[in-house]
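These are the residues of each chain, in order.
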Amino acid sequence: MVAPLSAWPWENLGPFKYLLYGPFLAKVLYSRIQDENIEESWCLHILIICALRASIYQYWTSWSNMLFLTRNRRILPQGVDFKQIDKEWDWDNFLILQALLASMALYIFPSLSSLPVWNSSGFVAVILLHVGVSEPFYYWIHKCFHGNNYLLTHYHSLHHSSTVPQAFTAGNATFLEHLILSALIGLPLMGTYLLGCGSITTVYGYLLIFDFLRCLGHCNVEIVPHQWFETLPLLKYLLYTPTYHSLHHTEMGTNFCLFMPLFDALGNTMNAKSWELHKKISSNSGTNNRVPDFVFLAHVVDVMSALHSPFVLRSFGSTPFATRLFLLPMWPFAFGVMLVMWARSKTFLFSFYNLRGRLHQTWVVPRFGFQYFLPFATQGINKHIEEAILRADRLGVKVLSLAALNKNEALNGGGTLFVNKHPNLKVRVVHGNTLTAAVILNEIPEEVKEVFLSGATSKLGRAIALYLCRKRVRVLMLTLSTERFQKVQKEAPTEFQKYLVQVTKYQAAQNCKAWIVGKWITPREQSWAPSGTHFHQFVVPPILAFRRDCTYGDLAAMRLPDDVEGLGSCEYTMERGVVHACHAGGVVHRLEGWTHHEVGAIDVDRIDLVWKAALKHGLKPVKLSTKKEKEK
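The rules behind these values
- Residues numbered from 1 in each chain as written.
- Predicted model: local features only at pLDDT ≥ 70, side-chain atom pairs only at ≥ 80, totals over all residues.
- Heavy atoms only, no water.
- Helix = DSSP H or I, 4+ residues; strand = E, 2+ residues; numbered from the N terminus.
- Buried < 20%, exposed > 50% of the residue type's maximum accessible area, 1.4 Å probe, protein only.
- Contact = heavy atoms within 4.5 Å.
- Areas by Shrake-Rupley, 256 points an atom, 1.4 Å probe, with all protein chains shown as cover.
- Phe/Tyr/Trp six-rings, centres within 6.5 Å; stacked < 30°, edge-to-face > 60°.
- Lys NZ or Arg CZ within 6 Å of the ring centre and 35° of its normal.
- Core = buried A, V, L, I, M, F, W, Y, C linked by side-chain atoms within 4.5 Å.
- Axes fitted to C-alpha atoms, helices over the stretch in contact; angles between N-to-C directions.
- Parallel < 35°, antiparallel > 145°, perpendicular 65-115°, else oblique.
- Left-handed = near helix turned anticlockwise from the far one by under 90°.
- Nonpolar A, V, L, I, M, F, W, Y, C, P; charged D, E, K, R; others polar.
- Pairing = 2+ DSSP bridges.
- Salt bridge = Lys/Arg side-chain N within 4 Å of Asp/Glu carboxyl O.

### Thoughts on the overall build of the protein
- Summing up its helical and strand segments, the protein has 26 helices and 14 strands in all.
- Considered along the principal axes of its C-alpha atoms, the protein spans approximately 95 × 60 × 55 Å.
- In the protein, which comprises 632 residues, the proportion classed as buried is 54%.
- Contacts spanning at least 24 positions in sequence make up 70% of the contacts within the protein whose residues lie at least 6 apart.
- By element, 61% of the accessible surface of the protein is carried by carbon and sulfur atoms, the whole surface being about 29,000 Å².

Set out below in C-alpha cells:
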C-alpha cells in the first residue's frame, strides 16, 4: 500500500501534467486581451520564475555531464545509468506544486500582487529569516526523516535511490517532502511580506539563489576551491560544497544541513572526512587519474543528432535518437556550435560506462557526417583521428575502436594509415568490421541459398561475399568493375569461386529475397526486389523503408553484457544498452586481450572466432527492425 502523500497527485498524467500551467497562461493572455497591466500580473511572474528555475536545474545538469570539462572534478566517478534517469524523469514536479501553492497564497493574501519591484531591506530580512528559521528547521526535519524508519522507507528513500547525485536529483522526492520544502522556502518570503519589506526582486532572488545552491550541492562536480576555506576558515561553516553533500548520500548518517554546515557542527553530525576529501578532490582537479581501457572514437552524424548528447537533454539522450519538433528551435544554436567545432575544437570525451571493472569511454571527433565527404576536409579529419590515437597511446589506453566514417576506406584505409605511420603504437587500433560482418552474416537464415549484395567490393562486402561462398551460398555481387570483382573472386578457394557471380544491374536480383545493402539505394532501385524481400544493410545512412511488402533490418548492432554499469545514453538510433557492431567489436577485442591491430581488410577466417568471443563475453545479437516489420 502506498504511504499517504508519497505519490504525486498528477502522477498518472504523464506529460499532460504541464497542462496544470494552463490557467496561469490563460490569465496572462486574458490580461493582455483586456489591456490590463500585464507586468503586474503575478501569473506571468509565476510562469517566468518556473521557467528560470527549470533552466537552472537543466544548465547545472548539462554542465556536470560535460565530461570533457568535469571528468577530473567528479566526486563519485560512476556514470548515471538508465535506471536513475527514469526515476528522476519527473524531477520538475515540485515546480508545478510550488506554482499552485503560490497561486493559493495570492488568493489568501491579495495584496501580494502589489509588491514593489525593489526593497533593499527585504534582502536583509530574507537572509536573516532563512538562517534563523529555514536552515535549523530543515536540519531538524531532515534528521527526523533519517531517524524514523517509516519516514525513511516510505518517503525519503526515493531521493537516496539515485546513486550519483545530479541537479535533477535535488528535485526527485516525494510529494510530502516537497510540501515541507515548499513551506521552508515560503517562510522567509512570507516573513518579509508580513514585515512590510517584501518585493518582486526579493522573491526572484531568493528562489533562484535557493535553487542554485541546491544544484551546487547535488552536481557531483567539485567547483569550490579549497583555498577559499584556508583563507577564510569560517566560510566552511556558512557554505557547503558538492563534496560535503555527496557524503550525505554515501554515508547517510551525516551532513544533514540545507546549505550551512554550521548546523551539522552544532548538532555533532558533521562527517569527519568532509574537508579532507574536499581538499583532495579540489587539489587533484588538474590531474587525469582515470585512464580508460577502451575508447570508441565516434563522430557526429548531423546537426540534429548533435542534440542527442547527454549534456544537452539528459532524458532525450537516454532514448533512441529521432528527430522531434521540440529540437527545431535549437537547430540554429547547434549549427553555430558546429561551425565553432569545425574551426577550433579538439576531440572530446562524450560518455563512459564500466564493464567488468574496466572503464570504457566514447570520444567524439568534432566533425559532422557531411564533412567526411568534402575532399578538402580529409586532411583535417585524419589529423583529428591521429591526435586522438596518439593521445590514447600516451594515456595508456589498451584499445581504440573507430566508428563508421572514421575508418572510411577512402579516408584512411580503415585505420591502416595510422598504424603504418606509427608502427610503435601501444594502443591497438580496431575498426570492428569483423564483428559487423559476423552480425550481418548471422542474421541470414540458414535456408537462404542466394543473396544479392550491393557494395560488394567494399571492405565489408568482400568479407561477406567470401564467407557466404564458402557456405555454398550463391552471391550476386553488384559491381560495374570486372577487375575488382575478379580480385575478390580469386581470394575464394577454387571450388567455391563459382558461387560468386558478377551482376551489373538491380534487375538481376528480381527473384532474390535476401538483399544485403552496402551502398545506398533509391526507392526505384528497391522496386526490383520481389515481394517479401528482407533488406539487410551496412550502409550509412540506412536506406529508406520504402516497400510496404518488404522488411528492413537496421544497422548491425549488439547488446552489451548485463553487468555493464553507468550507461545512461543511447548510441544514436540504437536502443538502450545496444551499440553499433564496430563499437562492440572493440569491446570484444579488449575483453579478449588481443594484441593485434584490426585495420584494413577483414580476415574472413576470424569472423566466426570474433562472433563466438562476443557471445562468450555476454554480448547478445540484436535484430533491430523497422516499424513495418514489427507491425507484421
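### Side note on the packing of aromatic side chains
- All told, the structure shown has 31 aromatic pairs when counted by the stated rule.
- Each ring, one from Trp-91 and one from Phe-168, has its centre 4.4 Å from the other, and the planes form 15°; the classification is stacked. Taken together, the residues span a long stretch of sequence, with Trp-91 in the loop between α4 (82-87) and α5 (93-108) and Phe-168 in helix α8 (residues 167-171) at a distance of 77 residues. When sorted by exposure, Trp-91 lands in the same class as Phe-168, which is buried.
- Measuring from ring centre to ring centre gives 6.2 Å for Tyr-506 and Trp-515, while their planes differ by 20°; the resulting arrangement is stacked. We note that Tyr-506, like Trp-515, is buried.
- Across the ring face of Trp-363, the terminal group of Arg-391 is positioned such that the distance to the ring centre comes to 4.2 Å.
- In this structure, Arg-606 is placed above the aromatic ring of Trp-594, and the distance from its NZ or CZ to the ring centre is 4.7 Å.

### Regarding the nonpolar core
- One finds Leu-435, Leu-468, Leu-500, Ile-516 and Ile-607 to be the most contacted residues of the largest nonpolar core, which totals 78 residues.
- Per-element tally for this core: the top contributor is helix α21 (residues 459-470), with eight residues.
- Leaving out residues up to four positions away in the same chain, Leu-500 has contacts with Ala-465, Leu-466, Cys-469, Val-475, Met-477, Phe-485, Val-488, Gln-489 and Ala-492.
- Formed by 53 residues, the second largest nonpolar core is a distinct cluster that contains Tyr-21, Val-28, Leu-95 and Leu-97.

### Overview of the packing of helix α20 (residues 433-443) against α21
- Contact geometry for α20 and α21: axes closest at 10 Å, N-to-C directions at 50°. In terms of orientation, α20 lies oblique with respect to α21. Handedness of the α20/α21 crossing: right-handed. Contacts between α20 and α21 pair Asn-433, Thr-436, Ala-437, Ile-440 and Leu-441 from the former with Lys-459, Leu-460, Ile-464, Tyr-467 and Leu-468 from the latter.
- Here the contact of α20 with α21 is composed, by residue class, of seven nonpolar, two polar and one charged.

### Description of the pairing of strand β4 (residues 399-402)
- Because side chains alternate across β4, one face comprises the buried residues Val-399 and Ser-401, and the other comprises Leu-400 and Leu-402, equally buried.
- Bridge count between β4 and strand β5 (residues 428-430): three bridges; the pairing is parallel. Its bridge partner lying in β5, Ser-401 is registered against Val-430.

### Regarding the pattern of salt bridges
- Applying the stated criterion across every chain yields a total of 18 salt bridges.
- Put simply, Arg-576 and Asp-86 hold a salt bridge, and the shortest N to O gap is 2.8 Å. A residue pair is termed long-range when its members are at least 10 positions apart, and Arg-576 in the loop between β12 (557-559) and β13 (578-580) and Asp-86 in helix α4 qualify at 490 residues.
- We classify Asp-86 as partly exposed; its relative accessible area is 38%.
- Linked by salt bridges that have partners in common, Lys-17, Asp-90 and Asp-92 make up one network.

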